[in-house]
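Observations on chain architecture
Each chain is listed here by its residues.
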Amino acid sequence: MFKFIVKRTLLGILILFFAMFIIYALMASLPSGYAEKTARELATRPGNTKSAQQWLDELNQQLGMDKGIVQGYFNWLGQTLTGHFGDSWMNTKPVTQVFHDTIWVSFSMNIVVYLLQICIAIPLGVLAARKQYSFTDYSITFIALVGISLPTFFVGTLFKLLFAVKFPLLDLNGMTSRNYLQLSPFMQKLDIAKHLILPCLTLTIVGIGDLMRYTRANTLEVLNADYIRTARAKGLSENRVINHHAFRNTLIPLVTILGSMLPGLFSGAMITEQIFDIRGIGYAGYNCMVGGDIPFTMFYLSFSCILILLGNLIADILYAVVDPRVRVN
């Protein structure tokens, strides 16, 4: 196991190196990056005596964008390895501070969504498999297909229309109410939680479909196995057959799905946070990518890549935990 973890870690470092180089090259090749936009703004200010190209040359020199993609990437990599991640160009703050200010909002929202998806999708998937081709099975399958088919922006906009416009039970967007500063600390937390209800519902609806379908398919495969028929022939109750004998083997393929969901806890939800104006890490990452903010974009995407590689490694290790027959070679 130790050799396997070391090997996968080294391979992950190599993948991360090339992935971040590709991302840096794409960001540096944007037709209208941060330097270009800022140069045009400075050139149009009253009393300016420099052309846009002169401002652009000065900004590229200040930001280190005049050294080419390869040298620029290795300069960024060298600073990163020494713990200097730079300042966000758009926010004029260290990228670590911007990250710290936004990550916990996304994490709080996504941990709720993650738990809701597990608590809803897995039991419903098992129930659909137990009642195959029944009305319950068709209903759950329909719900799963709806969740898979509908895009996030449509579900989010529909929830805003229903629960904030037609029936004004919740606020349309944002994270706080107008009287937020007049509330007590406890009521302020409740106010933020109230504003996160619609984003959490949106992410839950669009996320349970895949997990529900995987659970149903895996449970059906396990229920048709010989050892399940043997357990039933011995007179065991259906609940014991499902919960004790079948469910653990059902979890084996789901480990991959659950492992791939872990990075989403910290990487944010770009579309949902944009729709509901939630100032999380996804919101900040999207705006910085669109604005050509290379330091924060590189830090954010490096963090996301590390989470993905770590999630895959954890999923591989959990195979041996869930199924004793699996051994890592």
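Here, every reference points to the structure presented above.
For clarity, every value in this text was computed on a predicted model and none was experimentally measured. (Residues numbered from 1 in each chain as written. Predicted model: local features only at pLDDT ≥ 70, side-chain atom pairs only at ≥ 80, totals over all residues. Heavy atoms only, no water.)

Observations concerning the overall build of the protein
Under the convention used in this document: Only DSSP runs of H or I covering at least 4 residues are called helices, and only runs of E covering at least 2 are called strands; the numbering of each starts at the N terminus. When a residue's accessible area, from a 1.4 Å probe over protein chains only, is under 20% of the maximum for its type it is buried; when over 50% it is exposed; and in between it is partly exposed. In what follows, a contact means two residues having at least one pair of non-hydrogen atoms within 4.5 Å. Residue-level accessible areas treat just the shown protein chains as cover; the underlying method is Shrake-Rupley with a 1.4 Å probe. When charges are counted, Lys and Arg contribute as positive and Asp and Glu as negative, whereas His and the chain ends are disregarded. Taken as the charge centre is NZ of Lys, CZ of Arg, CG of Asp or CD of Glu, depending on the residue.
Each helix and strand in the protein was counted, giving 15 helices and 2 strands. With respect to the principal axes defined by its C-alpha atoms, the protein has extents near 90 × 55 × 35 Å. Relative to its full complement of 329 residues, the protein shows a buried share of 40%. When contacts within the protein are restricted to residue pairs at least 6 apart in sequence, those whose partners lie at least 24 apart make up 71%. A total accessible area of about 18,600 Å² is found for the protein, and carbon and sulfur atoms account for 66% of it. Between the averaged position of the 26 positive side-chain charges in the protein and that of its 19 negative side-chain charges there is a distance of 10 Å.

Notes on helix H8 (residues 185-195)
Defined as follows: Read the arc as the range of directions from the helix axis to the C-beta atoms.
Residues of H8 that are buried: Gln188, Asp191 and His195. Seen end-on, H8 carries its buried residues on one side only, within an arc spanning 60°. The outward face of H8, more than 90 degrees from its buried face, is lined by the exposed residues Phe186 and Lys189.

Here we look at the pattern of salt bridges
To be explicit about the condition: Salt bridges, as used here, are contacts in which a Lys or Arg side-chain nitrogen is within 4 Å of a carboxyl oxygen on Asp or Glu.
A complete count under the given rule lists 6 salt bridges for this structure. Close ionic contact of aspartate 137 with arginine 216 constitutes a salt bridge, the shortest N to O distance being 2.8 Å. Residue aspartate 137 is found in helix H6 (residues 135-149), and its partner arginine 216 is found in helix H9 (residues 197-223); the two are separated by 79 residues along the sequence. Neither aspartate 137 nor arginine 216 differs from the other in exposure class; each is buried. For aspartate 277, the salt bridge goes to arginine 279, with nearest N and O atoms at 3.0 Å.

Some words on the packing of helix H5 (residues 95-130) against H6
Relative orientation and spacing of two packed helices are given, respectively, by the angle between their axes and the distance between those axes. Note the threshold: In this analysis, axes come from line fits to C-alpha atoms, helices being fitted only over the stretch in contact, and the angle between any two N-to-C directions falls in the range 0 to 180 degrees. Put simply, angles under 35 degrees are roughly parallel, angles over 145 are roughly antiparallel, angles from 65 to 115 are roughly perpendicular, and the rest are oblique. Each crossing is labelled by how the near helix is turned from the far one, with a counterclockwise turn of less than a right angle marking it left-handed and a clockwise turn marking it right-handed.
Direction vectors running N to C along H5 and H6 enclose 140°, while the axes themselves pass 8 Å from each other. If you check the angle between H5 and H6, you find them oblique. Every pair of crossing elements has a handedness; the one defined by H5 and H6 is left-handed. On H6, the residues touching Leu124, Leu127 and Ala128 of H5 are Thr136, Asp137 and Ile140.

So, the state of the cysteines
Using the following cut-off: Sulfur atoms of two cysteines make up a disulfide when they are within 2.5 Å.
Taken as a whole, this structure holds 0 disulfides when the rule is applied. Just so you know, cysteine 200 is unpaired, no disulfide at all, and the nearest cysteine sulfur is the one on cysteine 119, 14 Å from it. The buried category is assigned to cysteine 200, whose relative accessible area is 9%. This cysteine, cysteine 305, is not joined by any disulfide, and cysteine 288 carries the nearest cysteine sulfur, 16 Å off. For cysteine 305, a relative accessible area of 18% puts it in the buried group.

Some remarks on a nonpolar patch on the surface
Heads up, the condition is: Candidate patch residues must exceed 30% relative accessible area and have no salt bridge, after which like charges are joined if within 9 Å and Val, Leu, Ile, Met, Phe, Trp or Tyr side chains if within 5 Å.
Together, Leu150, Phe153, Phe154, Leu158, Leu161, Leu162, Phe163, Val165, Phe167, Leu169, Leu172 and Ile271 line one region of the surface with nonpolar side chains, adding up to about 1,100 Å² of accessible area. Of the residues forming the nonpolar patch, the biggest block, 7 residues, is contributed by helix H7 (residues 152-166). Note on placement: leucine 150 falls in the loop between H6 and H7.

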